Amino acid sequence: MAGTDRNRDLITGGPAIILMEPQLGENIGMVARAMANFGLSNLRIVNPRDGWPNDKAVSAAAGASHVIDGAVVFGSLPEALADLKFVYATTARPRDGHKMVRGPVEAGEVLRSREDAGEKTGLLFGRERIGLRNWEISLTDEIVTFPVNPAYASLNIAQAVLLMSYEWMKSGLASPHQTAFDTEAVEPAPKSDLFGLFEQIEEGLDARGYFRSETKRMKAVDNLRAVLTRPGFSTDEINVLRGLFASFDRFSRPGQRAPGHGAKSDGDEGDEA
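All values reported here derive from a predicted model rather than from experimental measurement.

**A look at the packing of helix 5 (residues 104–116) against helix 7 (residues 157–171)**
Alright, step 1. Relative to each other, helix 5 and helix 7 sit at 55°, their axes nearing to 8 Å. As summarised for this structure, helix 5 and helix 7 are arranged oblique, according to the angle between their axes. Remark: the crossing between helix 5 and helix 7 carries right-handed chirality. Mapping the contact onto sequence places P104, V105, A107, G108, E109, L111, R112 and E115 in helix 5 and M164, E167, W168, M169, K170 and S171 in helix 7.

Here it is as structure tokens:
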């Protein structure tokens, strides 16, 4: 499957993801996949409607078998939360009460700091159709909500888990701009290589009568050189361009002579086949 590499270390652990009475096995599987994408592996399921294990969940997990195999089913929410020290409830709707409300970025950072301190934490997600009930939220410590379109704040459960899993992973990066891989560093070519490219292109343009006057020629050459110096080409890239432009000198359009090929004089005779 694209993006998977069994030869690399698998990141696991992190906050528990608690699903409150999920309805569809496919949704549980997509939650497992989202968790695996961002290094989470502790899945807790409270009273899944279609029972557990669930073949549809396995299929939808798309290879996140370590999350599915390690999932634990609980008969009640208090049982699922019992060993945790800090839990966020996720909701898109304002709730009555006095719980702290945080955005996903701050919540991810709070979870990271608590997990690093040795605390067991969790994220509680509600049912697909009605979300969490107020009494369920009352069992948690704080609320996390997402900055979504207020007129259409309906996220499916896997989307919500994906958003918080991403923030969890991001909170552990050395920099918010860190990426999983970098482009290979390219060493700029010496100016002599670039000057050779200039000469080749300008000679070709001269041969084709591109420059109409010396004044326009100077301006056009300046503009051309400004364009070609901007990218910081490597030697290999300049060689590619020189090979490309050299091919233009070997071929001409129908009815045109290639540059440097003069017409035969009357005294020349061609070979006959």
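**Regarding the pattern of salt bridges**
Alright, step 1. Overall, the coordinates contain 13 salt bridges when judged by the stated rule.
Alright, step 2. Among the ionic pairs, R127 bridges to E21, the shortest N-O distance being 2.8 Å. Placement of the pair is R127 in the loop between strand 6 (121–125) and helix 6 (134–137) and E21 in the loop between strand 1 (16–20) and helix 1 (25–37), with a sequence separation of 106 residues.
Alright, step 3. Of the residues examined, R127 reaches a relative accessible area of 8% and is grouped as buried.
Alright, step 4. Its relative accessible area of 27% is what places E21 among the partly exposed residues.
Alright, step 5. Among the ionic pairs, R225 bridges to E202, the shortest N-O distance being 2.9 Å. Taken together, the residues span a long stretch of sequence, with R225 in helix 9 (residues 214–229) and E202 in helix 8 (residues 191–207) at a distance of 23 residues.
Alright, step 6. Taking relative accessible area as the criterion, R225 reaches 34% and is therefore assigned partly exposed.
Alright, step 7. Among the charged side chains, a network of salt bridges with common partners joins E21, R127, R133 and E136.

**Overview of the pairing of strand 2 (residues 43–46)**
Alright, step 1. Side chains L43 and I45 project from strand 2 onto one buried face, and the interleaved R44 and V46 project onto a second face that is buried too.
Alright, step 2. In terms of strand pairing, strand 1 meets strand 2 through 4 bridges, oriented parallel. The residue of strand 2 that forms the bridge with I18 is R44.
Alright, step 3. Read from strand 1 through helix 1 to strand 2, the crossover connection turns out right-handed.
Alright, step 4. Pairing between strand 2 and strand 3 (residues 72–74): 3 bridges, direction parallel. The residue bridging I45 from the neighbouring strand is V73, located in strand 3.

**Looking at the sheet that holds strand 6**
Alright, step 1. One open sheet holds the 7 strands; their spatial order is 3-2-1-6-4-7-5, and the pairing between them is parallel. On the outer flanks of this sheet lie strand 3 and strand 5 (101–102), each paired with one strand and no other.
Alright, step 2. Contacting strand 4 (86–90), strand 5, strand 6 and strand 7 (142–144), helix 5 runs over the sheet at an angle of about 160° to strand 4.

**Here we look at the nonpolar core**
Alright, step 1. Among the nonpolar cores identified, the biggest contains 31 residues, and I17, L19, V31, L43 and F125 are the most heavily contacted of them.
Alright, step 2. Among the secondary structure elements, those contributing two or more residues to this core are strand 1, helix 1, strand 2, helix 3 (65–70), strand 4, helix 5, strand 6 and helix 7.
Alright, step 3. By residue number, the principal contributor to this core is helix 7, which donates 6 residues.
Alright, step 4. In terms of nonpolar packing, the next biggest core, distinct from the first, is built from 15 residues, I18, M20, A80 and L84 among them.

**Focus on the layout of surface pockets**
Alright, step 1. Of the voids in this model, the second largest pocket is the one considered here, and its volume is about 390 Å³.
Alright, step 2. Looking at the second largest pocket, it is lined by 20 residues, and the ones nearest its centre are T91, A92, R127, G131 and L155.
Alright, step 3. Split into classes, the residues belonging to the lining of the second largest pocket amount to 9 nonpolar, 6 polar and 5 charged.

Rules of the game
- Residues numbered from 1 in each chain as written.
- Predicted model: local features only at pLDDT ≥ 70, side-chain atom pairs only at ≥ 80, totals over all residues.
- Heavy atoms only, no water.
- Axes fitted to C-alpha atoms, helices over the stretch in contact; angles between N-to-C directions.
- Helix = DSSP H or I, 4+ residues; strand = E, 2+ residues; numbered from the N terminus.
- Parallel < 35°, antiparallel > 145°, perpendicular 65-115°, else oblique.
- Left-handed = near helix turned anticlockwise from the far one by under 90°.
- Contact = heavy atoms within 4.5 Å.
- Salt bridge = Lys/Arg side-chain N within 4 Å of Asp/Glu carboxyl O.
- Buried < 20%, exposed > 50% of the residue type's maximum accessible area, 1.4 Å probe, protein only.
- Pairing = 2+ DSSP bridges.
- Right-handed = clockwise from strand over helix to strand, strands pointing away.
- Core = buried A, V, L, I, M, F, W, Y, C linked by side-chain atoms within 4.5 Å.
- 1 Å grid on protein atoms, 1.4 Å probe; cavity = no way out; pocket = protein on both sides within 12 Å on 5 of 7 lines; lining within 4 Å.
- Points joined across faces, edges and corners; volume = space filled by probe spheres on them.
- Nonpolar A, V, L, I, M, F, W, Y, C, P; charged D, E, K, R; others polar.

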